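If you want the building blocks of each chain, they are given just below.
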Amino acid sequence: MTASPLAPPAETNARERLARERADPAILRLHRALSRLGGVASFMNTGAHPDDEHSGLLAFLRFGMGVRIAIACSTRGEGGQNALGPERGGALGLLRTREMEEAARELDADVVWLGHGPEDPVHDFGFSKNGEDTLARWGEARIVERLVRAYRLWRPDIVLPTFLDVPGQHGHHRAMTRAALAAIPLAADPRAHPEHAREGLAPWRVAKAYLPAWSGGGDTYDDETPPPTETLAIVVPGREPIRGAEYDRIGEYSRRFHASQGMGVWRSGGRRRFGLHRVDTGEGRGEPAPETSLLDGLPATLRDLAREADGDPTAHALACAQDAIEAAIAALADRPRCLDALAAAAQALARAERTADDGFRARHGHRLARSARALDAALVEASGLCAMAAAEPPRLAPGRSGTLVVRVEEKGAADEIALEVVAPAGVTLGPADDDAEALVFRTGLAAAADAAPTPLFAAGWDALGGDGPLVPILRARIAGCRVRVPLALDEPFAVAPEGSTEFSPEAILAPLADPRRAWTIACAGPPITLDAPAGFRVEAEADGRLTLAADPDLAPGLHRFPARGPDGPAYRQIAIRYPHIGAAIFREPAVLRLLALDLAVPAGARIGYVGGGADRVGLWLERMGLPVESLSAADLAGDLSRFTTIVVGIFAFGLRPDLAAARARLHAFVAQGGHLLTLYHRPSDGWDARATPPRRLEIGTPSLRWRVTDPGAPVRVLAPDHPLLAGPNRIGPADWEGWDKERGLYFAARWDEAYAPLLAMSDPGEAPLEGALVSARIGRGRHTHTSLVLHHQLDRLVPGAFRLMANLVQPAS
């Protein structure tokens, strides 16, 4: 059988499995499971994007104080950048969702998602400088209601927004902070959103809310208002005892999973102090009382709950459970003793749950339920029970069948092992084919012909498991206790369309001056047809290819041709696989696009393209009909004179050491008559203002002050007759129409007098910036630097971006 193009190579999957297992030894798993049992207080950190969380603080709260933690995130980060590869938009949102889940796994945190991908109103639409604009686009009532729901569902004792709502901050951050605080009194009010009660969600009072008592300014942001006064300091002592690492370092262990954003840094001497400012929760309770600890006034342990239930059997059971938990934690290295103590704790907790009155259950039932789940997980770890679960195949098409396989590799101290399975709607469980002696459980899976595809973006992620649409649950008896624990699948399961419709090319550029009016498209995947609008015809060829023909009077603009299969719309499925996240598949409707435009390309241009994998500019230059060669390290060390123009892709100086090593050669290339075009870079991308470009060129910081976020911002041409703006395409007002997301970012702020600024633009109410496109004659050649997001506009098939890019790659003149 031929492997699916969406399936990973077996050896890659094996290496990833080995790396995951090696990074998570049994002693660390048991320690993590035991440390969950030490506390019952809960803390939610709210933010707008994956990577907004205060990782170092969360690491200390979870592993140093035993606090249960959650990260509430309003978007999937789909409007951001990608330092790893070509994923943009929804595909990037899925990548960053997986990064957030893996980052949360490192912190043993839950994730609560408030936005559900690019089609949801609450999404990352790109950088914003304005909280009001963000709330208008998200819908203020909508995001506040989703936070009310999150509070009632997850029941945090403490809420901390990551950023301050002050000018100079990202508009998404400001909006999320405002909404997070506004939702707190509403969550406690039974009159607010009564529809939640029909879903089983009761009102919940967040006991405390804080803001950071430090500025969020830095390389990116520029808080204009001083931070609020510190009312509480969290001082982080020492190191985590099992890992031997500072808690802030553990935070960086987590942040390294945000690799698409370049996160994860090594620094000696981690942060040991976090200042917080307590705020009124808006319920009319007056000024918060002074406090010496984050957990003042809160039940921190089961023993604190016992004091609240003083004088009845529940109090005694809770105190016994706490004593047994402390004994289990102390017996980490003695598994039999640890197991006995955990069993005693589980039995005592079960007694407390049986005897608790309704009032106590209403206030603390969620704490008991979570502690019971955590005890089950700890019992499994302490017992040595080890099982692996996999869906074969991991992606099941409607009408197809598969198998869920669970293998118990070590039973340890467990017996009476059995399996139950929770399957998604549209998937039927077949009869079990179990091997009781070998402890291998096989359950048939059958997806109905009309089974709906699994949503790409789940609503949450639980550190204790049970994530995903297909959940195998292992039942066992351990030390006299009945336990249930969900197993994580080797790869995520999904119901998804069969195959992927791929076009080659997936987009056609049709210069209006070219008389050609027919194009051949190779199609891979299931049989499809194309919906053709008036003025176009589609014919199927005998070899499976399609011919798209247009009338002679082809209209300028973007034309779309949706693909259809026998059962409805066809889909393109994009395999996303990186070692730090494993496998994911993004799904979108398959649509062939044709852009008809007035485009001329420079005569005699021979282009060398140096990419870092973060853009597709080289591909688009080829599609424009230009001769392009992607440059390797050997090419950069060789003869560059065969090129008229060398284009350096976004971030490339930070992603390619060979490019940084070739700076002197690139400078010589320019001096001898070549044209060097550099696309936008951050200061952190190996951009040395005095050494990277041929002449001094400084990127502005903080970046919020050196970007134009309005894609429709007026553009003033400062030098309309400059060679780069005059030909081969004369750049005019129409070329700035239809831009998406933003104009540009990381603008040049200061430069050598050799450079001439060619454009000026700004966001509303701000002073014009002239660093979006600068160019200098140097020796016999030219260096041009642009901070316009041309790579994004090319992907979006914006006509003006192609016309401007054609001009920018012309030979030096």
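Everything below is about the structure printed above this text.
Residues numbered from 1 in each chain as written. Predicted model: local features only at pLDDT ≥ 70, side-chain atom pairs only at ≥ 80, totals over all residues. Heavy atoms only, no water.

Undergrad: Which residues make up the overall build of the protein, and what are the values?
TA: Scanning the protein from terminus to terminus reveals 20 helices and 39 strands. Against the 2.2 N^0.38 benchmark of 28 Å for 813 residues, the protein shows a C-alpha radius of gyration of 29 Å, consistent with a compact globule. Across its three principal directions, the C-alpha atoms of the protein cover 90 × 65 × 55 Å. In the protein, which comprises 813 residues, the proportion classed as buried is 55%. (Helix = DSSP H or I, 4+ residues; strand = E, 2+ residues; numbered from the N terminus. Rg over C-alpha atoms; globule rule 2.2 N^0.38 Å. Buried < 20%, exposed > 50% of the residue type's maximum accessible area, 1.4 Å probe, protein only.)

Undergrad: Which residues make up empty space enclosed by the protein, and what values go with them?
TA: The tally for this structure, following the rule as stated, stands at four cavities of 30 Å³ or more. Taken as a whole, the largest cavity holds about 230 Å³ of empty space. In terms of lining, the largest cavity is formed by 20 residues, of which the most central are Arg36, Gly39, Val67, Arg68 and Arg370. Among the elements of the structure, strand 2 (68-73) and helix 12 (358-383) are those that each provide at least two residues to the lining of the largest cavity. Counting residues per element, the lining of the largest cavity draws most heavily on helix 12, at five residues. Its residues placed into classes, the lining of the largest cavity shows eight nonpolar, five polar and seven charged. What the second largest cavity holds in volume is close to 80 Å³. In terms of lining, the second largest cavity is formed by Gly80, Gln81, Asn82, Arg88, Ile650, Phe651, Tyr680, Lys741, Glu742, Val789, His791 and His792. Class assignment for the residues of the lining of the second largest cavity results in four nonpolar, five polar and three charged. (1 Å grid on protein atoms, 1.4 Å probe; cavity = no way out; pocket = protein on both sides within 12 Å on 5 of 7 lines; lining within 4 Å. Points joined across faces, edges and corners; volume = space filled by probe spheres on them. Nonpolar A, V, L, I, M, F, W, Y, C, P; charged D, E, K, R; others polar.)

Undergrad: Account for the side chain of aspartate 376, with residues named and values stated.
TA: Mapped onto the elements of the fold, aspartate 376 is located in helix 12. For the buried aspartate 376, no salt bridge is present, and the opposite-charge side chain at shortest range is arginine 484, 6.6 Å distant. Not counting chain neighbours up to four residues away, the residues in contact with aspartate 376 comprise Arg482, Val483, Arg484 and Val485. (Lys, Arg positive; Asp, Glu negative; His and termini not counted. Salt bridge = Lys/Arg side-chain N within 4 Å of Asp/Glu carboxyl O. Contact = heavy atoms within 4.5 Å.)

Undergrad: Give a description of the environment of glycine 625 that names residues and reports values.
TA: Locating glycine 625 in the fold gives a position in the loop between helix 13 (617-623) and strand 30 (628-630). You can call glycine 625 exposed: its relative accessible area is 57%. Spatially, the C-alpha atom of glycine 625 lies 64 Å from that of arginine 367, the residues being 258 residues apart in sequence.

Undergrad: Got a sec to walk through the side chain of arginine 146? Specific residues and values, please.
TA: Along the chain, arginine 146 falls in helix 6 (residues 140-154). Among the residues examined, arginine 146 registers a relative accessible area of 16% and is labelled buried. A polar atom in the side chain of arginine 146 sits 2.7 Å from the backbone oxygen of leucine 114. Of the polar contacts made by the side chain of arginine 146, one reaches the side chain of aspartate 120; its length is 2.7 Å. With residues near it in sequence (within four places) discarded, arginine 146 still touches Leu114, Gly115, His116, Asp120 and Val122. (Polar contact = N/O pair within 3.5 Å; in protein donor to acceptor, adjacent residues only side chain to side chain.)

Undergrad: How would you explain the environment of arginine 152 if you had to name every residue and give the values?
TA: Considering the arrangement of structural elements, one finds arginine 152 in helix 6. We classify arginine 152 as buried; its relative accessible area is 3%. Along the chain, arginine 152 and alanine 202 lie 50 residues apart, while their C-alpha atoms are 6.3 Å from each other. Setting aside residues up to four positions removed in sequence, arginine 152 forms contacts with Leu186, Ala187, Asp189, Ala192, His193, His196, Leu201, Ala202, Pro203 and Trp204.

Undergrad: Now, about the sheet that holds strand 20 (residues 518-524): what can you tell me, with residues and values included?
TA: Read from one edge to the other, the open sheet built from four strands follows the order 18-20-23-22, with strand pairing classed as antiparallel. Every other strand in the sheet has two partners, leaving strand 18 (502-504) and strand 22 (536-540) as the edge strands with one partner each. The average undirected angle you get between the axes of adjacent strands in this sheet is 30°. In the sheet, strand 18 pairs with strand 20 via three bridges, with the strands oriented antiparallel. Bridge pairing links glutamate 502 to alanine 524 in strand 20. (Pairing = 2+ DSSP bridges. Axes fitted to C-alpha atoms, helices over the stretch in contact; angles between N-to-C directions.)

Undergrad: Got a sec to walk through the nonpolar core? Specific residues and values, please.
TA: Within the largest apolar cluster, 78 residues are counted, with the highest numbers of intra-cluster contacts made by Leu621, Ile646, Val647, Leu759, Leu788, Phe802 and Met805. The element contributing the most residues to this core is helix 20 (residues 799-808), with six residues. Formed by 68 residues, the second largest nonpolar core is a distinct cluster that contains Leu332, Cys338, Ala348 and Leu404. (Core = buried A, V, L, I, M, F, W, Y, C linked by side-chain atoms within 4.5 Å.)

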